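The primary structure of each chain is shown beneath.
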Amino acid sequence: MQNNTTRQLTLEQKCALLSGGSTFQTRALPGCGIPAIWLSDGPHGVRKQAGPADHLGINPSEPATCFPTASAVASSWDPALGEEIGRALGQEAAAQDVAVVLGPGLNTKRSPLCGRNFEYFSEDPYLAGKMAAAYIRGIQENGIAACPKHFAANNQELRRMASDSIVDERTLRELYLTNFEIAVTEGKPRSIMTSYNMVNGTYANENLHLLQEILRDTWGFDGAVVTDWGGSNDHVLGVKNGSTLEMPAPGLDSARELCKAVRDGKISEVDINARLEELLTLIDQTTGALEKAPKTIDWDAHRALARKAAAESIVLLKNKGGLLPLDPAAKVAVIGDFAKTPRYQGAGSSLVNAPRVDSFLDVLEASGIQTVGYAQGFDRQGKPDGRLQAQAVELAAKADVVLLFLGLDEVKESEGLDRSDMKLAQNQIDLLLAVHRTNPRLAVILSCGSAVETGWQSHCEALLWAGLGGQAGAGAVLDALTGKVNPAGRLAETWPIHCEDNPSYKNFGTPGRNVEYREGLYVGYRYYQTAGVPVAYPFGYGLSYTTFAYRDLTATPTGVSVTVENTGDRAGDEVVQVYIAKPDAKIFRPAQELKGFARVHLEAGESRTVTIPLDDKAFRYWNDPANRWAVEGGDYEVRVGGSSADIRLTATVAVAPSGDADPYAGLALPHYQGGQVQDVPDEEFAALLGHAIPVAKVAIDRNMTLGEIGHARSPLGWLVHVIHKHLLDKSLASGTPDLNLLFNYNMPLRAIAKMTGGIVSMGMVDALVMELKGFWIIGIVRLLVEFVKNDRANKAMEKRLSEGGRKP
Ligand code: BGC
C-alpha cells in the first residue's frame, strides 16, 4: 500500500532517494520534507566521520567507546552481554545522531585466513546468530536501526567485490544463512547489508533468491536492504529484486538509470514504490527515535562495560601446574611490544577512535603487582633484533614469572586482506624459546582476533587468548592473570594444529573469480570431528580456575535439563554446550552440531539445574529437491558438555521424520559421506551442486578488478597495473598497508562510478572498458563525451531536485 509521501513524489525524486547522498548519509529532499539520515560503522564501536569520510577507517572519526571485537565477544558465549554492548552502541550512535549502526558482522568463519574474521563471531552459525540477534536487540532498543552484515556467503577478502561463492544450496542454508536467519527472526533488524560478492553467479545485492524468497518471504524481514559501500553492480536489478538503498553516493547517474528502466519497462514503478517505502519507514522511525534520544554519553559506564566484556571473553587455553592466577608474592617480568602498544581492534571500516586506550603497562602500574621491569622483546613487524631479544632474556632471568605478550601485527588482520598463514612472526617465536630457556615459568598472553598456530605452546606454562579486547582490554587481562576474574571464555572457532589442516585450505585464496565451497557442510569443528583430524584447541574449549561436574541430564526433542556443580574452591562461569549427533544418519551430516548453550555463574560448591531449549533448528537439514527443511527420523544423541571435545553426558531422543525422500539418492558422494573433504574431485562437487562447476575467465568488462587489469589489451591498463602492484607491495612490506590501495586491488571498474559521488558515470566506465579492450582512441573519446554528458545531466537534475517539492 502506498503511503502519502510516496504518492506525492515524482519518479525522479523517488529514484534519487534510492541511493546515498554522501559517504555516510542518505539523500535529503528538503523540498519534500525528507531528511537525510546517518549510517555509521560499525560492529564494535561507532565510527561517525563528521569531517572527510571514507569507508575504510582512514580519516578520523568522532570519539566512541571501542568494545572488544566480535571474535572476542563471541567467546563469552553470552548473548546478554552482546545485548548490553548493543545497547551502549545504540546510545552512542543516537547521541551522535547516527540512525543506522552498520553492524553486527556475522559471516561464518569458513577459513581462519579471512582477513575480517576478527569482525565476525564464529565458525558456527547458531552461536553467531544468537550473538548477532542480541547485538541487534540492544542497538535497536532506543528506536534506531542495526544493519547486520554482510548478507551472504562473504567469507574472504580477496577479490571481495567481485568474487562468486559457488556453494550448494544445503551448505548455503545450513552454514551461511542460518546465522542470518536467527539474527533476522530473533533480532528483527530494521535494515540489513548485502555483501559485495556473487552467490552462485548472481550478486548478493540483486539476488532474488536471497533478498525476496528467503529474507522477506520466509524470514519475514520488512526493513531496508542496504548495499555494502560500492557493492551495487546493477542498481536496476538490485531494486527490482529487493535492494533498497545503494551506498555510498553513486551520484545521480544511478537515479537516472533507474528512471530510464521504468520508462523502458525493465522495472515497474511498483517495485520502486515498495523499496521507497522501506526506506521512508527507516527514515521516519529512526528520525523520530533520534529526536527523543539523549545526546550525552556515559563514557565511564561504557568504558566499564568494555572492560567487563573483555574480561568475560578471555579464553584460558593452557595452565600447566596452576601458574595462573599469579601468586601475589611473585615478581613478574613483562615482555613484548603488545604490553606497551596494545592491539585491541582490527584495521578497516570498523576502526574506532577510542577516547582512551589502556596498555598493560598502564594498568600494571596501578595494580600493586611487583615487577622487575619491561622489555619490548621483538620488532612488531617481524624484523629479527638480537639486541631486543637479549634485553628481554636478561630481564626474564630476574623474575619469578614472565608475562610474555605476543600477537599478530596490524597487517595480519585487516579488511581487504586475507592472511596467507596462521603463524606468529618468527621473531616472536624465537623470543619465546629464548626466554623459556632462561625462565620456564612463563605465561603467554596472545593479542589477535583470530586463530593462530600454537606449535610453540610447550614452551609456555600458561596461555591466555585475549582476542582484540577493545580499549579497556588490558585491565581485563590483568584481572584474569591475578584471578580477580576467573576466565570463562570458550573458543568460538577451532584452532587447528596446522593451517593446512583446514577443510577449505585448498580452495581458499585461489586465483580467479570463483570461490568453490567444496568442503560443503564441513566447516570448523564440523570437519575436524567428522574427519577425525586432531586440533590444537577445539571449538567451545576454555579452561577455568575452578572445575565443574555435570549430572542428571534429561532431554526431549524440545529441550535439555542438566545439573552443573562448581566443584572447585572459587566462583566461576561454565558454558554448558549442547550438541546434537546422529551416528546412524542415512543423510550425511557432521559428527555433531551445536544446537544450544547457556553460560552460568556458580559460586564455589554451588549446583544449578540449567534448562536449555532445543528449537526448530535442532534436528533439521535442508532437503534441496523438496525445497524445504526436513528431518531424518529416528534416534538422536543429545550431548552435553564443556566443549565440543569434552562431552560429559549423553541422552537419546527419538524424533519423528518429516517424510522427505533422500535428497542424495543415486548420487556418488563418498567424500561428503565421511567428511573427508579436503580433496573433493570435480565430479563429486558438481554432483553436490547439482550442476557443472562454473568456469571463471577473466573478462574485460565492468567487473574487471584493478588487480586483473594487467590482462587488458591496453598499455594504459598495463601501466596502471604495474604502478598499482608496485605501490601495494611496497605498502604491505612497510607493515602499514595502504587500505585504499588494497581496496582498489579488489575493486571492479564499475565501483569507480559507484564511489565517486557522481563525477564518474556508468557510461564513462563503459568507455574505460572499451579502452581496456584495445579501442584506445574511441575509448578515450567516448570517455570525454560521457564525462560532459554526465556533468550536464547531473547539474540539471540537481537543480530540479533542489527546486522541486511534493506534488499536491
Ligand atoms: C565494509 C562494510 C562497511 C562499509 C562502510 C565497507 O568497506 O565492507 O562492512 O560497513 O565499508 O564503511
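Residues numbered from 1 in each chain as written. Predicted model: local features only at pLDDT ≥ 70, side-chain atom pairs only at ≥ 80, totals over all residues. Heavy atoms only, no water.

A.B. asks: Got a minute to help me understand the overall build of the protein in this structure?
C.D. replies: Summing up its helical and strand segments, the protein has 24 helices and 28 strands in all. Over its C-alpha trace the protein gives a radius of gyration of 27 Å, about what one expects of a compact globule, namely 28 Å for 808 residues. Overall, the C-alpha framework of the protein stretches about 75 × 65 × 55 Å when taken along its three principal axes. The buried share of the protein, reckoned over its 808 residues, is 62%. For the protein, the computed accessible surface area is about 27,900 Å², with 54% contributed by carbon and sulfur atoms. A distance of 4 Å separates the average location of the 80 positive side-chain charges in the protein from that of its 95 negative side-chain charges. (Helix = DSSP H or I, 4+ residues; strand = E, 2+ residues; numbered from the N terminus. Rg over C-alpha atoms; globule rule 2.2 N^0.38 Å. Buried < 20%, exposed > 50% of the residue type's maximum accessible area, 1.4 Å probe, protein only. Areas by Shrake-Rupley, 256 points an atom, 1.4 Å probe, with all protein chains shown as cover. Lys, Arg positive; Asp, Glu negative; His and termini not counted. Charge placed at Lys NZ, Arg CZ, Asp CG, Glu CD.)

A.B. asks: Sorry, what's going on with helix H10 (residues 269-292) here?
C.D. replies: The α-helix advances 3.6 residues per turn, and as a result positions three or four apart in sequence lie on the same side. Between its first and last C-alpha atoms H10 spans 34 Å; for 24 residues at 1.5 Å apiece the expected length is 34 Å, and the two agree. The N-cap residue of H10 is Ser-268: its side-chain oxygen and the backbone nitrogen of Val-270 are 2.9 Å apart. (Expected span 1.5 Å × (residues − 1). Polar contact = N/O pair within 3.5 Å; in protein donor to acceptor, adjacent residues only side chain to side chain.)

A.B. asks: I keep staring at empty space enclosed by the protein and nothing clicks. Help me out?
C.D. replies: Unfilled space is identified by rolling a water-sized probe across the atoms. All told, the structure shown has 7 cavities of 30 Å³ or more when counted by the stated rule. The calculated volume of the largest cavity comes to roughly 170 Å³. Of all the secondary-structure elements, those providing two or more residues to the lining of the largest cavity are strand E15 (442-447) and helix H16 (473-482). The greatest single-element share of the lining of the largest cavity, amounting to 3 residues, is contributed by H16. The residue inventory of the lining of the largest cavity, partitioned by class, reads 11 nonpolar, 5 polar and 2 charged. (1 Å grid on protein atoms, 1.4 Å probe; cavity = no way out; pocket = protein on both sides within 12 Å on 5 of 7 lines; lining within 4 Å. Points joined across faces, edges and corners; volume = space filled by probe spheres on them. Nonpolar A, V, L, I, M, F, W, Y, C, P; charged D, E, K, R; others polar.)

A.B. asks: I would appreciate a short explanation of the sheet that holds strand E22 (residues 572-581) in the present structure.
C.D. replies: The strands that make up a sheet are held in pairs by hydrogen bonds between backbone atoms, and each pair lies either parallel or antiparallel. Strand order in the open sheet formed by 4 strands is E23-E22-E27-E28, and the pairing between neighbours is antiparallel. A single partner strand is all that each edge strand has here, and the edge strands are strand E23 (593-602) and strand E28 (646-655). On average, each strand axis in the sheet is inclined to that of its neighbour by 20°, with strand direction left out of account. For strand E27 (residues 634-643) and E28, the ladder comprises 9 bridges, and the chain directions are antiparallel. Bridging from a neighbouring strand, Val-640 pairs with Leu-649 of E28. (Pairing = 2+ DSSP bridges. Axes fitted to C-alpha atoms, helices over the stretch in contact; angles between N-to-C directions.)

A.B. asks: What exactly am I supposed to notice about the pattern of salt bridges here?
C.D. replies: It is possible for side chains of opposite charge to pair when their charged atoms get near one another. Under the counting rule described, the total for this entry stands at 57 salt bridges. Here Arg-303 makes a salt bridge to Asp-358, at a shortest N to O gap of 2.5 Å. With Arg-303 in helix H11 (residues 299-313) and Asp-358 in the loop between helix H12 (337-340) and helix H13 (360-365), the pair connects residues that are 55 residues apart, well separated along the chain. Among the ionic contacts, a cluster of salt bridges with common partners joins Arg-116, Glu-119, Glu-157, Arg-160 and Glu-415. (Salt bridge = Lys/Arg side-chain N within 4 Å of Asp/Glu carboxyl O.)

A.B. asks: Just checking my understanding: could you explain the packing of helix H4 (residues 79-95) against H11 for this structure?
C.D. replies: Packed helices, taken two at a time, are described by the angle their axes make and the gap between the axes. One way to put it is that H4 packs onto H11 with a least axis distance of 11 Å and a crossing angle of 150°. Judged by the inter-axis angle, H4 sits roughly antiparallel to H11. Taken as a pair, H4 and H11 cross one another with a handedness that is left-handed. Residues Leu-81, Glu-84, Ile-85, Ala-88, Gln-91 and Glu-92 of H4 form the contact with H11, whose participating residues are Trp-299, His-302, Leu-305, Lys-308, Ala-309, Glu-312 and Ser-313. When the residues that make up the contact of H4 with H11 are grouped by side-chain class, the tally is 6 nonpolar, 3 polar and 4 charged. (Parallel < 35°, antiparallel > 145°, perpendicular 65-115°, else oblique. Left-handed = near helix turned anticlockwise from the far one by under 90°. Contact = heavy atoms within 4.5 Å.)

A.B. asks: I would appreciate a short explanation of the packing of helix H23 (residues 762-772) against helix H24 (residues 776-803) in the present structure.
C.D. replies: Closest axis-to-axis distance for the H23/H24 pair is 8 Å, and the angle between their directions is 175°. Compared by their axis directions, H23 and H24 come out roughly antiparallel. Here Gly-763, Met-764, Asp-766, Ala-767, Leu-768, Met-770 and Glu-771 of H23 lie close against H24, whose contacting residues are Trp-776, Ile-778, Gly-779, Ile-780, Arg-782, Leu-783, Glu-786, Phe-787 and Asn-790. For the contact of H23 with H24, the per-class residue count stands at 9 nonpolar, 3 polar and 4 charged.

A.B. asks: Would you mind showing me how to read helix H14 (residues 386-397) here?
C.D. replies: For H14, with 12 residues, the first-to-last C-alpha span of 17 Å sits near the 16 Å given by 1.5 Å per residue. Along H14, the residues classified as buried are Leu-388, Ala-392, Val-393, Leu-395 and Ala-396. Down the axis of H14, the smallest arc covering the buried residues is 160°, so these residues share one side. For H14, the exposed residues lying more than 90 degrees away from the buried face are Gly-386, Arg-387, Glu-394 and Ala-397. The inward-facing, buried residues of H14 contact strand E12 (331-335), strand E13 (370-375), strand E14 (401-407) and helix H15 (426-438). Where H14 begins, the side chain of Asp-385 points an oxygen toward the backbone nitrogen of Arg-387, at a separation of 3.1 Å. (Arc of directions from axis to C-beta.)

A.B. asks: I'm lost on the site of the ligand in this one. Help?
C.D. replies: In the neighbourhood of the ligand, 15 residues make up the surrounding shell, with Asp-41, Arg-116, His-150, Asp-228 and Glu-415 lying closest. A distance of 3.2 Å separates an oxygen atom of the ligand from a polar side-chain atom of Arg-47. Between the ligand and the protein, one listed contact pairs an oxygen atom with a side-chain N or O atom of Asp-228 at 2.7 Å. Coverage of the ligand by the protein chains reaches 100% of its 310 Å² of free accessible surface. Class assignment of the residues belonging to the shell around the ligand gives a composition of 5 nonpolar, 3 polar and 7 charged. (Near = heavy atom within 4 Å.)

A.B. asks: Can you help me understand the layout of surface pockets in this one?
C.D. replies: Space inside the largest pocket adds up to approximately 660 Å³. Looking at the largest pocket, it is lined by 32 residues, and the ones nearest its centre are Val-411, Leu-417, Asp-418, Arg-419 and Ser-420. If you list the elements that add at least two residues to the lining of the largest pocket, you get helix H20 (715-734) and helix H21 (739-745). Among the elements that take part in the lining of the largest pocket, H20 stands out by supplying 5 residues, more than any other. Its residues placed into classes, the lining of the largest pocket shows 14 nonpolar, 9 polar and 9 charged. Put simply, the second largest pocket is a space of about 520 Å³. In this structure, the second largest pocket is lined by 23 residues; those nearest its centre are Asp-253, Arg-256, Glu-257, Lys-260 and Met-762. Of all the secondary structure elements, the ones that give two or more residues to the lining of the second largest pocket are helix H8 (235-241), helix H9 (252-263), H23 and H24.

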